[in-house]
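Fold and contact review
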Amino acid sequence: MTTVDEVAAFVAGLDLDDRCAAFVGGEVLRSDGDTIDVEDPATGKVLVATGEAGADLVDRAVLGAAEAFRGPWGTMRHSERGRALRRVADLLRENAGMLADLESIDTGKPLSQARSDVETSARYFEFYAGVADKNHGETIPTRSDELVYTVREPYGVVAHVTPWNSPLSQLCRGAAPSLACGNTVVVKPSEVTPLSTLVFARLLDRSGILPRDVLTVALGRGPTTGAAVVQHPAVGHIAFTGSVPTGTAIMTMAAQRMVGCNLELGGKSPTIVLADADLQKAARAGAAAAIRNSGQSCFATTRMLVHSSRYDEFVERCAEEMGNLSVGPGLTDPDLGPLSSGPHLAKVRSMVEAAVGEGAEVAAGGPDALDQPTGHFHAPTLLVGVDNAMTIAQNEVFGPVQSVIRFDDVDEAVAIANDSRYGLAAGVFTNDLTSAHALAGRLEAGQVQINRYPAGDVSTPFGGYKASGIGREKGVEAMHHYSQLKTVIIDLPEERWRGRTA
Ligand code: NAD
């Protein structure tokens, strides 16, 4: 599959176009009323017009997943569940080419990044296939006449509400451990990029690998369909990835029903570049944050704090890394694709303009550096002379923009790094591992990377401090966030325990 038209025809061939609002019971359910245009961000052309699941279709999607939980999935041996998840990884790999094309067109991300996302999605299923039968409890020694042990049990239906930047891998990151714990899943993907989720659900159903409705989908906007899914009484736990305001709204809804939630939210992750750092490596990391997925990544490091003795050299190298990049539609596999939508491009532009208004200088790119007749493209942009109090340093841009901030000593660098409401990740570049280790302890972030950024794998726990979230995804750790702990205490009459009576 190589063209946008072919991809749109493929989606239509799976019956997933035209008012598709939910996928449950192996069927596409359609809605009347409003439709939502899903566009190719490289051209603005509409690929598909989806419907929107109202309360009735949300009910069907959630109750379908609840029924599947009560069915064979809920009682399946853990090892058998693991084998099934391993086959889901194979299914993803068998369809990797098509899923990557689809993801590239829907999100705008360069094809090679979309391919990497599909492989990561397969790796999530592979990893959690291996831990499905290892999510065990423990025995606790209390007294001689009782036996105390813990078991980890599923919640039932887990709702996954996902964002638009990496929809398939975000879904698989949460769905794979949810399923490995024995839950079933209802997904509400972003209305901006729902296609890979829909196609994955369709492929999964057709493959027959998992019992029907172990994963169902409800489509629509957040405040309507998303809120209906989250508030549904049969949903036992919520996993949300997205912005802080939506995370707050979801946590408030969850509190009303007293259900738990994992929240993976935004970031404004700092990287400290000490005077002894490998500057080329650090500059590459600074540029990569703006280039990868056009900077539309929660995890990207977007504040480069550089020691004043190396500041000019760093800026020069980083500007060089960010210059001469190819920009184009994702399917042509450029260095940089379009942003997700017109309104998002306008927001990124206005944030760069505001930064210049507050005193930052443009060292590469800029809001008007590209002359693109169609599509939502923004040039990779390097802002220097940034002060941490500026809006650009405090708020997420979610675009191809890097900010460089100067510091004079390590304590000042730590204070600047931690002066943020976010705490998703942080980086340090230095040749002195003792300094690196000390800094890792002082940075308020859920993940700290030394001398490499980005870093991490499906096996490394991920999640935020402060406003960046609650709970952890990835790794064995995620199994604890998708299961609940039960403690069992058994009275053992002492005389029998000691073998005094038969
Ligand atoms: P968003 O919060 O606008 O939307 C995310 C999802 O929530 C979408 O599916 C949306 O429809 C839904 N939603 C919106 N309002 C809702 C409501 N009231 N009730 C229920 N659902 C609702 O976020 P976005 O713009 O799609 O994504 C960008 C944000 O996501 C950024 O802040 C980024 O940092 C964050 N993000 C975080 C991670 C992470 O792992 N920490 C990963 C990717 C993106």
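Per an unreviewed UniProt entry, the protein chain goes by Aldehyde dehydrogenase family protein and derives from Nocardioides humi. Its UniProt record gives the protein chain the following Sequence similarities (unreviewed entry) comment, quoted word for word: "Belongs to the aldehyde dehydrogenase family."

1. Things to note about the pattern of salt bridges
Across all of its chains, the model carries 22 salt bridges by this definition. One salt bridge connects R70 with E67, and the closest N-O pair in it is separated by 2.9 Å. Here E67 and R70 lie together in helix α2 (residues 55-70), a separation of three residues that amounts to about one turn. On the basis of relative accessibility, which here comes to 57%, the residue R70 falls in the exposed class. Close ionic contact of R93 with E126 constitutes a salt bridge, the shortest N to O distance being 2.9 Å. One end of the pair, R93, is in helix α4 (residues 78-94); the other, E126, is in helix α6 (residues 111-131), and 33 residues separate them in sequence.

2. Examining the environment of G337
Note that G337 resides in the loop between α12 (311-322) and α13 (342-357). On a C-alpha basis, the gap between G337 and H378 in space is 8.8 Å, while along the polypeptide they are 41 residues apart. Aside from chain neighbours lying at most four places away, what touches G337 is G108, P110, S294, G328 and F377.

3. Quick notes on the pairing of strand β6 (residues 157-161)
A large share of β6 lies buried, amounting to five of its five residues. Here β6 shows a buried face lined by V157, A159 and V161 and a second buried face lined by V158 and H160. Judged from the five bridges that link them, β6 and strand β7 (residues 184-188) form a sheet pairing that is parallel. If you follow A159 over to β7, its bridge partner there is V186.

4. Examining the site of the ligand
Inspection of the region around the ligand gives 30 residues, with T162, K188, S243, L265 and E396 positioned closest. A distance of 2.9 Å separates an oxygen atom of the ligand from a polar atom in the side chain of W164. Contact between the ligand and L265: a nitrogen atom at 2.7 Å from a main-chain N or O atom of the residue. When isolated, the ligand has an accessible area of 840 Å², and the protein chains bury 89% of it. Taken together, the elements giving at least two residues each to the shell around the ligand come down to α7 (167-180), α9 (222-231), β9 (235-241) and α10 (244-257). It is α9 that provides the largest number of residues to the shell around the ligand, a total of four residues.

5. A look at the sheet that holds strand β8 (residues 215-218)
Here we have eight strands laid out as an open sheet, ordered β2-β1-β8-β7-β6-β9-β10-β20, and mixed in their pairing. Edge strands, defined here as strands with exactly one partner in the open sheet, are β2 (27-30) and β20 (469-470). Bridge count between β6 and β9: five bridges; the pairing is parallel. Bridge pairing in β9 links V158 to H237. Running at roughly 160° to β7, α2 makes contact with β1 (20-24), β2, β6, β7, β8 and β9 of the sheet.

6. Here we look at the nonpolar core
In this structure, L92, F125, Y128, F200, L210 and L215 are the most contacted members of the largest nonpolar core, which totals 65 residues. Per element, the largest residue contribution to this core is 10 residues, and it comes from α6. Setting aside its immediate chain neighbours within four residues, L92 contacts L99, V118, S121, A122, F125, L168, C172 and F200.

7. Regarding the domain arrangement of the protein chain
Interface size, as often reported, equals the accessible area lost upon joining of the parts. Here the protein chain is partitioned into domain 1 (4-265) and domain 2 (269-450). Taking only C-alpha atoms into account, the centre of domain 1 sits 31 Å from that of domain 2. Facing the 25 residues of domain 1 at the interface are 28 residues of domain 2. Both sides together, the interface formed by domain 1 and domain 2 hides about 1900 Å², and carbon and sulfur atoms give 54% of it. Interface area lost by domain 1 to domain 2 is led by A42, Q113 and W164, which between them contribute 26%. At the surface where domain 1 touches domain 2, the tally comes to zero salt bridges. Viewed at the interface, domain 2 and domain 1 are joined by 10 residue pairs in polar contact (both at pLDDT 80 or more). Among the secondary structure elements, those contributing two or more residues to the side of domain 1 that touches domain 2 are α5 (96-107) and α6. Element by element, the count of residues in the side of domain 1 that touches domain 2 is highest for α6, at five residues. The class makeup of the residues in the side of domain 1 that touches domain 2 is 10 nonpolar, 10 polar and five charged.

8. A short note on the UniProt feature "active site" (unreviewed entry) in the protein chain
The residues that UniProt annotates with the feature "active site" (unreviewed entry) are E264. With respect to the helices and strands, the residue E264 is situated in strand β10 (residues 260-264). Overall, the relative accessible area of 3% leaves E264 in the buried class. What E264 contacts, discounting residues up to four positions off in sequence, is R173, F240, T241, G242, L424, F462, G463, G464, S468, G471, R472 and E473.

Cut-offs applied
- Residues numbered from 1 in each chain as written.
- Predicted model: local features only at pLDDT ≥ 70, side-chain atom pairs only at ≥ 80, totals over all residues.
- Heavy atoms only, no water.
- UniProt positions renumbered as here; feature names shortened; annotations may be inferred.
- Salt bridge = Lys/Arg side-chain N within 4 Å of Asp/Glu carboxyl O.
- Helix = DSSP H or I, 4+ residues; strand = E, 2+ residues; numbered from the N terminus.
- Buried < 20%, exposed > 50% of the residue type's maximum accessible area, 1.4 Å probe, protein only.
- Contact = heavy atoms within 4.5 Å.
- Pairing = 2+ DSSP bridges.
- Near = heavy atom within 4 Å.
- Polar contact = N/O pair within 3.5 Å; in protein donor to acceptor, adjacent residues only side chain to side chain.
- Areas by Shrake-Rupley, 256 points an atom, 1.4 Å probe, with all protein chains shown as cover.
- Axes fitted to C-alpha atoms, helices over the stretch in contact; angles between N-to-C directions.
- Core = buried A, V, L, I, M, F, W, Y, C linked by side-chain atoms within 4.5 Å.
- Domains from an automatic or database assignment.
- Buried area = accessible area lost by both parts, 1.4 Å probe.
- Nonpolar A, V, L, I, M, F, W, Y, C, P; charged D, E, K, R; others polar.

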